[in-house]
Amino acid sequence: MALMEGCKHELEISIPAEAVEAETGKVVKTFQEKAKLPGFRPGKVPASLVRRNFAGDIRQKVLEILVPRFFDAKAKDENLRVVGTPSISDVHFHDGEPIRFKAQFEVFPEFQLAEYKGVEVAYGQPEVTDEDVSKRVEEIRDSKATWVNEEPRTLAEGDHAVVSLESLSGADSPIKSDEVVVLIGGAETLQGFTENLRGASPGDEKEFDVTYPEDYGQEKLAGKTIRFRVVVKGLRRKELPEVNDDFAQDIGDFRTMDELKEALRKSILAQREAEAQRQAKDKIVEKLVEANEFPVPEAFVERQIENRVEQRLQTLAQQGVDPRSFKLDWEKIKTAQRDAAIREVKASLILGKVAEREAIGVTNDEVDREVERIARQNREPLAAVRKKLTEDGSMDRIASHIQTEKTLNFLFDKATKTAG
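Positions within a chain are numbered from 1, following the residues in the order the chain's sequence is written. Given that this is a predicted model, residues contribute local features only at a pLDDT of at least 70 and side-chain atom pairs are listed and counted only at 80 or more, while totals for whole chains, interfaces and linings are drawn from all residues. Side-chain metrics in this entry use all non-hydrogen atoms of the structure; hydrogen atoms and water are not considered.

Tallying secondary structure elements over the protein chain gives twelve helices and eleven strands in all. Expected size for 420 residues packed as a compact globule is a radius of gyration near 22 Å; at 33 Å, the protein chain overshoots this value by more than 25%. Dimensions along the principal axes, computed over C-alpha positions, put the protein chain at roughly 100 × 60 × 40 Å. Using the Shrake-Rupley algorithm and a 1.4 Å probe, accessible areas are obtained, with residue cover drawn only from the displayed protein chains. When the accessible surface of the protein chain is summed, it comes to about 26400 Å², and 47% of that surface belongs to carbon and sulfur atoms. A run of DSSP states H or I qualifies as a helix once it reaches four residues; a run of E qualifies as a strand once it reaches two. Both are numbered from the N-terminal end. Computation of the radius of gyration draws on C-alpha atoms alone. For the globule rule, the value is 2.2 Å times the number of residues to the power 0.38.

Here it is in structure tokens:
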């Protein structure tokens, strides 16, 4: 065995001549059963003629059978954890002689795990103030508001205008809506709408330009100047419900506002704890990646780059951008994504090794609970979700994700927390 570089290895393998002849005989027999030559009935062609007429195909089939078999056996003898498919070269295949070939491949990296318990990380226990709770109550209150039509009048700051709009130019694809509510002067309202609708009255029709900021949430609109035709249809008043025990009872299984506020306090705290712990766990993993220096298989890096690009394209698709409109320069993408992909692969390998050393596994009950959660979230029958996840291979990914989360929790619990 020769170690070439990093995780790359090379083996020179010889397949005994007797094994080659035995396999060749089997292949010839299968060809003989199907061979069709003039003057012979199907299946009755002599073996010597089959060997002569189908020599190239027989040779190829023998290689396809024997090369993987003897490579796997040799890798097993050498205790090598092969990654991906080997590259075969320098094949010598002559009648009556052993088959000789070289196989270049990558192996799963072996490394001594650096100390992973007691990693120092900044972490402060999150807090929730009365102001935080009141803000959440107002958010819920706003979501329960009702709208009341007002008598026609000139639009002023703070009014909710009801308009129909359509784009006339500047948009990649037409924008049209029969009814949109625009808060004149609102923090989320683009300046172009506020300036051109302030002072308008129901029934007015206007054409004007609106410039979207470069960092606008929808990428297809970011940085563009679009001309709209807008018709003012009316204005509405938002009526907020009164904050009292009736309000709390309308929100959920609460009897009083105090019960609702306490539940909101716990919910906010749980969210902040989860986010604070996520950031701390990310820092722990960063430190472990820095502390463990080892090469990673190129096959893993390539796969991770593909995953990162696929996730990005899915995000764009969800934002209404057609991924097919992009001409991807794969070499540039690989160069740009390579460093991040290597770190992510190393992190995954380190977490896997920690899980192995600490016997952190996944139970069937844990997988079942996650499948049930997915079914509830998607509002689909449990049996149908389980069948789909099993068929597309997602069950293994679910188990792997659960193991990773349990390993991260272990590392966080064992970490040395310092004031942030």
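The next thing to look at is the side chain of Thr407. If you trace the backbone, Thr407 turns up in helix α12 (residues 394-414). Relative accessible area decides the class of each residue, using a 1.4 Å probe on protein chains only: under 20% of the type maximum gives buried, over 50% gives exposed, and in between gives partly exposed. Note on Thr407: relative accessible area 1%, which makes it buried. For this analysis, residues touch if any pair of their heavy atoms sits within 4.5 Å. Apart from the residues within four sequence positions on either side, Thr407 is in contact with Leu351, Val354, Ala355 and Ile360.

The term salt bridge refers to a side-chain nitrogen of Lys or Arg lying within 4 Å of a carboxyl oxygen of Asp or Glu. As enumerated under the stated definition, the model contains 36 salt bridges in all. In this structure, Arg236 and Glu179 form a salt bridge, with 3.0 Å as the shortest nitrogen-oxygen distance. Placement of Arg236 in strand β10 (residues 225-239) and of Glu179 in strand β8 (residues 176-183) is noted, with a sequence separation of 57 residues between them. Overall, the relative accessible area of 44% leaves Glu179 in the partly exposed class. For the salt bridge of Arg308 with Glu344, the shortest nitrogen-to-oxygen distance reads 2.3 Å. With a gap of 36 residues between them, Arg308 in helix α8 (residues 298-318) and Glu344 in helix α9 (residues 330-357) connect regions that are remote in the sequence. Residues joined by salt bridges that share partners form a network here, namely Glu166, Glu205, Glu207, Asp209, Arg227 and Arg229.

Let's shift gears to the nonpolar core. Note that soluble globular proteins tend to have their nonpolar side chains buried in a common cluster. For this analysis, a nonpolar core means a set of buried residues of the types Ala, Val, Leu, Ile, Met, Phe, Trp, Tyr and Cys, connected via side-chain atoms within 4.5 Å. One finds Tyr116, Ile284, Leu288, Leu349, Ile350, Val354 and Leu411 to be the most contacted residues of the largest nonpolar core, which totals 34 residues. Among the elements of the structure, α7 (257-291), α8, α9 and α12 are those that each provide at least two residues to this core. At nine residues, the largest contribution of residues to this core is made by α9. Not counting chain neighbours up to four residues away, the residues in contact with Leu411 comprise Tyr116, Ile284, Leu288, Leu351 and Val354.

Next up on the list: the packing of aromatic side chains. Each Phe, Tyr or Trp ring (for Trp, its six-membered ring) is paired with any other whose centre lies within 6.5 Å, and the angle between the two planes then decides the class: stacked below 30 degrees, edge-to-face above 60, tilted in between. If you walk through the whole model with that rule in mind, you get nine aromatic pairs. Taking the centre distance of 5.1 Å and the plane angle of 80° together, the rings of Tyr123 and Phe412 count as edge-to-face. Separated by 289 residues along the polypeptide, Tyr123 in the loop between β5 (120-122) and α4 (130-143) and Phe412 in helix α12 bring together distant segments of the chain. Accessibility assignment for this pair places Tyr123 and Phe412 in one class, buried. Here the aromatic rings of Phe193 and Phe208 are separated by 5.9 Å at their centres, their planes lie at 85°, and the arrangement is edge-to-face. With a gap of 15 residues between them, Phe193 in helix α5 (residues 191-197) and Phe208 in strand β9 (residues 205-211) connect regions that are remote in the sequence. The burial state of Phe193 is the same as that of Phe208; both residues are buried. Among the aromatic residues, those joined into a ring-pair cluster are Phe193, Phe208 and Phe228. Its end group placed over the ring of Phe111, Lys353 keeps NZ or CZ at 4.9 Å from the ring centre. Cation placement over rings: the criterion is NZ of Lys or CZ of Arg within 6 Å of the ring centroid and within 35° of the ring normal. In this arrangement the basic side chain of Lys417 is found over the ring face of Phe412, its NZ or CZ atom lying 4.3 Å from the centre.

In this analysis a 1.4 Å probe is tested at points of a 1 Å grid over the protein atoms alone, and where it fits but cannot get out there is a cavity; an open set with protein on both sides within 12 Å along at least five of seven lines is a pocket; lining residues have an atom within 4 Å of a point. Grid points are joined across faces, edges and corners, and a volume is the space filled by probe spheres set on the points. Approximately 1600 Å³ is the volume found for the largest pocket. Every element with two or more residues in the lining of the largest pocket is listed here: α7, α8, α9 and α12. Element by element, the count of residues in the lining of the largest pocket is highest for α9, at twelve residues. Throughout, the ten residues Ala, Val, Leu, Ile, Met, Phe, Trp, Tyr, Cys and Pro are labelled nonpolar, Asp, Glu, Lys and Arg are labelled charged, and all others, Gly among them, are labelled polar. Of the residues contributing to the lining of the largest pocket, the split by class is 14 nonpolar, twelve polar and 15 charged.

With that settled, consider empty space enclosed by the protein. Summed over all chains, the structure comprises one cavity of 30 Å³ or more. Quantified by volume, the largest cavity comes out at close to 30 Å³. Lining the largest cavity, in full, are Val285, Leu288, Val289, Ala347, Ile350 and Leu351. Counting only elements with at least two residues in the lining of the largest cavity, the list comes to α7 and α9.

The phi dihedral of Asn79 is positive, around 55°, even though this residue is not glycine. Inspection of the secondary structure puts Asn79 in the loop between α3 (55-77) and β3 (82-92). Residue classification places Asn79 among the exposed positions, given a relative accessible area of 69%. The phi angle at Ala359 is positive, at roughly 55°, despite the residue not being glycine. Relative to the elements of secondary structure, Ala359 occurs in the loop between α9 and α10 (364-378).

Looking now at the pairing of β8. The side chains of a regular strand alternate between both faces of the sheet. Here the rule is simple: two strands pair whenever DSSP picks up at least two bridges between them. Strand direction decides the pairing type here: strand β7 (residues 160-169) and β8, joined by six bridges, are antiparallel. Across the sheet, the residue bridging to Val162 is Val181, located in β8. In this antiparallel pair of consecutive strands, β7 and β8, the connection spans six residues, and Gly170 shows a positive phi of 95°.

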